[in-house]
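Take a look at the letters that make up each chain.
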Amino acid sequence: MTCEQAQELITALVDEELLDAERSSLEAHLEGCDNCRRALTEERALKAAVRGAGDRIRAPAELRSKILADRRIFPEAKRLPRRWQDYIWPMPHAAIPAVAVALLLAIALPLFVLLRTSSEPIAVAALESYDLFGRDELPVRRSETPDEIVAQLTRAVDGHFHPMGYDLSAMELRPVAGSVQEIDGRKVLVAIYQGKGGTLFCYTFLGSEADAPPNAARFFDAAKNMNFYAFSRGEVNAVLHREGQVICILAARMPMEQLLALAQSKAKSS
Ligand SMILES: [Zn+2]
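Residues numbered from 1 in each chain as written. Predicted model: local features only at pLDDT ≥ 70, side-chain atom pairs only at ≥ 80, totals over all residues. Heavy atoms only, no water.

Per the secondary structure count, the protein chain includes 10 helices and nine strands. The proportion of buried residues among the 270 residues of the protein chain is 38%. Contacts in the protein chain between residues at least 24 apart in sequence constitute 60% of all its contacts with a sequence separation of at least 6. (Helix = DSSP H or I, 4+ residues; strand = E, 2+ residues; numbered from the N terminus. Buried < 20%, exposed > 50% of the residue type's maximum accessible area, 1.4 Å probe, protein only. Contact = heavy atoms within 4.5 Å.)

So, in structure tokens, the structure goes:
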């Protein structure tokens, strides 16, 4: 069995839908293949996470009614001949709430993802969300608990990397929401902090220092042996640094020196 064939069967294995013969040849492959074993672990974790999310997610009433009123999801009975309606809802009426919940879950999960294609460098394009948030136009997942934001964001990238979880309470900033941006096919995790200190965004994505905008000002911190890149988009200042394969950008409407000092104090040299 090739890895490709194995990967195709892994979901079915997790769902316990394999025939005995398929199952044993897949298990034989998994014995000797680290990659596919890792894929299996991730698949199991994802499934558990989705199940867990299903228990926790309660869509706000307004969203719920929006979804229920969406004609693309729930076609209006009057416009459709009766037979069509029977075709769409062949199940007993008692089952409809379950289907609605499943739909709601399917829609609610990716709701806090902002999709973009951009001609700007990813670091600059990402900052657009700071303004969108100010106008209440950014899809976010709000949360009272920082751990939940971190968990949601980590799940959005299947655990491949983690958002930077900073404690900014000294600046009177606390995490209030998370968002995911997909820019040119790359996922950017956004942890949003708010408080008396204003609004601060912490972006995290996989990349390299080549993702810093070409016109950014570079500062070298000799003590940490790290580069920091300062740049702006409109009135939003930003400081980028790299920790291993992860790029972190702090963005806020605060003076650049202050933001740079903050990034330097929080950055962990790898
Ligand atoms: Zn394999």
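Having seen the structure, we can now continue with the description.
Regular strands show a simple pattern: their side chains alternate between the two faces of the sheet. Counting buried residues along strand E9 (residues 246–252), seven of its seven residues qualify, which places the element largely inside the surrounding structure. On E9, burial covers both faces: Val246, Cys248, Leu250 and Ala252 on one face and Ile247, Ile249 and Ala251 on the other are all buried. With seven bridges joining them, strand E5 (residues 198–206) and E9 adopt antiparallel strand pairing. Looking at E9, one finds that phenylalanine 205 is bridged to isoleucine 247. (Pairing = 2+ DSSP bridges.)

Protein coordination at the zinc ion: the donors are Cys3 (SG), His29 (NE2), Cys33 (SG) and Cys36 (SG), at 2.1 to 2.3 Å from the metal. The coordination sphere of the zinc ion comprises four donor atoms, whose angles at the metal cover 100 to 115°; the geometry is tetrahedral. All donors of the zinc ion belong to a single chain; written as a sequence motif, their spacing is C-x25-H-x3-C-x2-C. One end of the pair, cysteine 3, is in helix H1 (residues 3–14); the other, cysteine 36, is in helix H3 (residues 34–56), and 33 residues separate them in sequence. (Donors = N, O, S within 2.8 Å, 3.2 Å for Na, K, Ca; no water. Tetrahedral: all angles 85-135°; square planar, octahedral: opposite > 155°, others 65-115°.)

The biggest cluster of nonpolar side chains holds 60 residues, and the ones touching the most others in it are Leu200, Phe201, Tyr203, Phe231 and Ile249. Of the residues forming this core, the biggest block, seven residues, is contributed by E9. Ala12, Cys33, Cys36 and Ala39 belong to the second-largest nonpolar core, a separate cluster that totals 13 residues. (Core = buried A, V, L, I, M, F, W, Y, C linked by side-chain atoms within 4.5 Å.)

We now examine the environment of alanine 125. Topologically, alanine 125 is positioned in helix H7 (residues 122–126). As a C-alpha pair, alanine 125 and arginine 233 span 108 residues in sequence and 8.7 Å in three-dimensional space.

We now examine the packing of aromatic side chains. Counted under the stated rule, the structure contains three aromatic pairs. On the basis of an interplanar angle of 55° and a centroid distance of 4.9 Å, the ring pair of tyrosine 130 and phenylalanine 201 is categorised as tilted. Taken together, the positions of tyrosine 130 in helix H8 (residues 128–134) and phenylalanine 201 in strand E5 put the pair 71 residues apart, joining distant regions of the chain. The burial state of tyrosine 130 is the same as that of phenylalanine 201; both residues are buried. Summarising the aromatic geometry, the rings of phenylalanine 133 and phenylalanine 201 are spaced 5.5 Å apart at their centres and angled 65° between planes, so their arrangement reads as edge-to-face. Of the two residues, phenylalanine 133 is situated in helix H8 and phenylalanine 201 in strand E5; the sequence distance between them amounts to 68 residues. For phenylalanine 133, a relative accessible area of 8% puts it in the buried group. Among the aromatic residues, those joined into a cluster by ring pairs are Tyr130, Phe133, Phe201 and Tyr203. (Phe/Tyr/Trp six-rings, centres within 6.5 Å; stacked < 30°, edge-to-face > 60°.)

Attention now goes to the environment of alanine 177. On the secondary structure map, alanine 177 appears in strand E3 (residues 173–183). Residue classification places alanine 177 among the buried residues on the basis of a relative accessible area of 0%. Between the C-alpha atom of alanine 177 and that of isoleucine 192, which follows or precedes it by 15 residues, the distance is 5.2 Å.

What follows covers the side chain of serine 129. Along the chain, serine 129 falls in helix H8. Taking the relative accessible area as the measure of exposure, serine 129 reaches 0% and is therefore buried. Apart from the residues within four sequence positions on either side, serine 129 is in contact with Leu114, Leu138, Gln181, Phe201 and Tyr203.

Another aspect to go through is the packing of H1 against helix H2 (residues 20–32). Taken N-terminus to C-terminus, the directions of H1 and H2 make an angle of 120°; their axes are 10 Å apart at the nearest point. Regarding the angle of H1 to H2, the classification is oblique. In this structure, H1 crosses over H2, and the sense of that crossing is left-handed. Facing Cys3, Ala6, Leu9, Ile10 and Leu13 of H1, the residues of H2 in contact are Glu22, Arg23, Leu26, His29 and Leu30. When its residues are assigned to classes, the contact of H1 with H2 shows seven nonpolar, one polar and two charged. (Axes fitted to C-alpha atoms, helices over the stretch in contact; angles between N-to-C directions. Parallel < 35°, antiparallel > 145°, perpendicular 65-115°, else oblique. Left-handed = near helix turned anticlockwise from the far one by under 90°. Nonpolar A, V, L, I, M, F, W, Y, C, P; charged D, E, K, R; others polar.)

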